[in-house]
Amino acid sequence: MIFDRPSSVELLKAVSFFLDQKIKKEVPPHLAFKLRIVENVLNIVCREIELGDTLSEEVISDLKKVMNSDIASLEDLAILIKEQKIDLEDQDLQNILVKLSKNKIAVDNPNYSTYKKLLD
C-alpha cells in the first residue's frame, strides 16, 4: 500500500473514540444518541475494511461449488433460487446462507446476541 500511517481504519477508530470519549459527554442526550449512530456507522466501515474481503471470499468460494460455476454472486444465486434451479432444501445451500448471515452480522453488529449464540 502506498499510504503511510495512520491507515483508514486507524483514522476511523480515532474519530469514533473522539466522539465517544470527548464529545458525547458534552452534548444533550438527543445529540448523544445521534453521535452513537455515527459511531456505529464508523465501526461498521472499519469492520468492513478489515474483514470484508475475507468474509466475502469465504461465501463466494462456497457459492461457486453449489452453483457449479467459476463465477458466482449473490445476484446469480437469487436468480437461480427464483427460477427454482436450486432447491431450497439443499443442505449445502442452507449452510452457505447461514455462513453469509454470520459474515454479514460479523461486520454489521458482532455484539448481536443471536450472532454470539451462532458462534457457540
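Just above, that's the structure.
Just so it is clear, the structure is predicted and the values come from calculations on it, not from any experiment.

> Describe a nonpolar patch on the surface, with residues and values.
Side chains of Phe33, Ile37, Val41, Val45 and Ile49 sit close together on the surface and give an oily, nonpolar patch of about 450 Å² of accessible area. In this fold, Val45 is placed in helix α2 (residues 29-67). Residue class for Val45 comes out partly exposed when judged on its relative accessible area of 35%.

> Residue-level account of the layout of surface pockets, with values.
When its volume is computed, the largest pocket comes out at roughly 240 Å³. What lines the largest pocket is simply Glu48, Gly52, Leu55, Ser56, Val59, Ile60, Leu74, Leu100, Asn103, Lys104, Val107 and Asp108. For the lining of the largest pocket, the secondary structure elements donating two or more residues are α2 and α4 (91-108). If one sorts the elements of the lining of the largest pocket by residue count, α2 sits on top with six residues. Here the residues of the lining of the largest pocket sort into six nonpolar, three polar and three charged.

> Which residues make up the pattern of salt bridges, and what are the values?
On inspection of all chains with the given rule, the structure shows seven salt bridges. Its salt-bridge partner being Asp20, residue Lys24 comes within 2.7 Å of it at the nearest N-O pair. In this structure, Glu39 engages Lys24 in a salt bridge whose closest nitrogen and oxygen atoms are separated by 3.7 Å. You can see Glu39 sitting in helix α2 and its partner Lys24 sitting in the loop between α1 (8-23) and α2, a full 15 residues away along the chain. You can call Glu39 buried: its relative accessible area is 2%. Overlapping salt bridges bring together Asp20, Lys24, Arg36 and Glu39 as one network.

Analysis parameters
Each chain has its residues counted from 1, running along the sequence as written. Reporting of local features is limited, given that this is a predicted model, to residues whose pLDDT is at least 70; pairs of side-chain atoms are given and counted only at 80 or more, and all residues count toward the totals for whole chains, interfaces and linings. With hydrogens and water set aside, each side-chain value is computed from the structure's full complement of heavy atoms. Patch definition: residues with relative accessible area over 30% and no salt bridge; like charges joined within 9 Å; nonpolar side chains (Val, Leu, Ile, Met, Phe, Trp, Tyr) joined within 5 Å. Note on areas: Shrake-Rupley, 1.4 Å probe, and residue coverage restricted to the protein chains presented here. Salt bridge, as applied in this entry: a Lys or Arg side-chain nitrogen positioned within 4 Å of an Asp or Glu carboxyl oxygen. Numbering goes from the N terminus for both helices and strands, where a helix is a DSSP run of H or I of at least four residues and a strand is a run of E of at least two. Burial classes: relative accessible area under 20% of the type maximum marks a residue as buried, over 50% as exposed, and values in between as partly exposed (1.4 Å probe, protein chains only). Cavities and pockets were defined on a 1 Å grid built from protein atoms only: a cavity is a group of points that admits a 1.4 Å probe but offers it no way out, a pocket is an open group of points flanked by protein on both sides within 12 Å along at least five of seven lines, and a lining residue is one with an atom within 4 Å of any such point. Grid points are joined across faces, edges and corners, and a volume is the space filled by probe spheres set on the points. Amino acids outside the nonpolar list (Ala, Val, Leu, Ile, Met, Phe, Trp, Tyr, Cys, Pro) and the charged list (Asp, Glu, Lys, Arg) are all regarded as polar, and Gly is one of them.

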